[in-house]
Amino acid sequence: MGKVYLTGAGPGDIELLTVKALRVVKEADVIIYDRLANPEILKEAKNGCEFIYVGKEDSHHTLPQEEINEAIYQAALKYENVVRLKGGDPFVFGRGGEEGIYLRERNIRFEFIPGVTSAIAVPEYAGIPVTHRGITVSFRVVTGHESKNKDQSQIPWENYKSDDTIIFLMGLHRLKVICRKLIGIGKPKEYPVAVISKGTTAEAKTVVGTLEDIYEKAKDLPTPALIVVGEVVKLREQLSWFEKA
Ligand code: SAH
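The shown structure was predicted, so the numbers you read here are calculated from the model rather than taken from an experiment.

Points about the packing of helix 2 (residues 65-78) against helix 3 (residues 96-105)
Part 1: At their nearest, the axes of helix 2 and helix 3 sit 10 Å apart, and the two run at 50 degrees to each other. Relative to helix 3, the element helix 2 lies oblique. Helix 3 is crossed by helix 2, and the crossing has right-handed handedness. Only Glu98, Glu99, Tyr102 and Leu103 of helix 3 make contact with helix 2, whose side of the interface consists of Gln65, Glu66, Ile68, Asn69, Glu70, Ile72 and Tyr73.
Part 2: Counted by class, the contact of helix 2 with helix 3 contains five nonpolar, two polar and four charged residues.

Section: the pattern of salt bridges
Charged atoms that come close allow side chains of opposite charge to pair.
Part 1: Going through the model one piece at a time under the given rule, you end up with 17 salt bridges.
Part 2: Measuring nitrogen to oxygen at the nearest pair gives 3.2 Å for the salt bridge that ties glutamate 99 to arginine 84. Note that glutamate 99 is positioned in helix 3 and arginine 84 in strand 4 (residues 81-86), a separation of 15 residues in sequence. The pair glutamate 99 / arginine 84 is uniform in exposure class, with both members buried.
Part 3: For arginine 106, the salt bridge goes to glutamate 105, with nearest N and O atoms at 3.5 Å.
Part 4: On the basis of relative accessibility, which here comes to 58%, the residue glutamate 105 falls in the exposed class.

Quick notes on the rules
Residues numbered from 1 in each chain as written. Predicted model: local features only at pLDDT ≥ 70, side-chain atom pairs only at ≥ 80, totals over all residues. Heavy atoms only, no water. Axes fitted to C-alpha atoms, helices over the stretch in contact; angles between N-to-C directions. Helix = DSSP H or I, 4+ residues; strand = E, 2+ residues; numbered from the N terminus. Parallel < 35°, antiparallel > 145°, perpendicular 65-115°, else oblique. Left-handed = near helix turned anticlockwise from the far one by under 90°. Contact = heavy atoms within 4.5 Å. Nonpolar A, V, L, I, M, F, W, Y, C, P; charged D, E, K, R; others polar. Salt bridge = Lys/Arg side-chain N within 4 Å of Asp/Glu carboxyl O. Buried < 20%, exposed > 50% of the residue type's maximum accessible area, 1.4 Å probe, protein only.

Here it is in structure tokens:
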């Protein structure tokens, strides 16, 4: 029986892959990868390595998680070195925990390899620090993708009154609702918001606005995209470095 490396691929820029992730990719007999993992990484694999794509689109899962779990398990029965390559970090809305539990229940050995999460690195490439002395003392990473039952919000909006930076992943299609909810709990309409699309890649694009106007400005940006809400967004005026104007 093989061993599975539940591996973070980083947010896009291939150079943000960790040294450890690169090592297991080079040694892999099979790589099971996501839509969000930069496909350039696969070129680092050895000759004869098998590739299995289990990509998920933003709004629908092309493969249900249960089938992905099973595909990883089957790969571990067949091969010695199995790499499960996931965008960003495996534990940040990456379902790495579920995959680990599935494998543990079947006595498959595994390791987790952390990755650079988009939640922090994508704002960083846009010149937006998630914390900044004198501006904010904490940040939250929240899913913008809620359960299908629209009447029941899982997000405790009332908790978001503080000045924490809020980073919404998987939220672009709900940008309008998110802004409305934040205004609804008392945040000023002029409160700064950024939407960053394809962060850390050559196609990266950042749009800055307010809770009131960001939807109109950013609604057509391509995914993957994340939303940053907070005063730290203004620091981009001084810290922008990556995107060409
Ligand atoms: N485990 C991943 C996140 C998975 S959820 C991580 O740690 O980064 C997928 C969401 O991440 C997307 O919907 C988007 O909001 C965000 N995301 C991932 N890569 C991104 C990128 N390059 N640019 C902008 N957002 C990104």
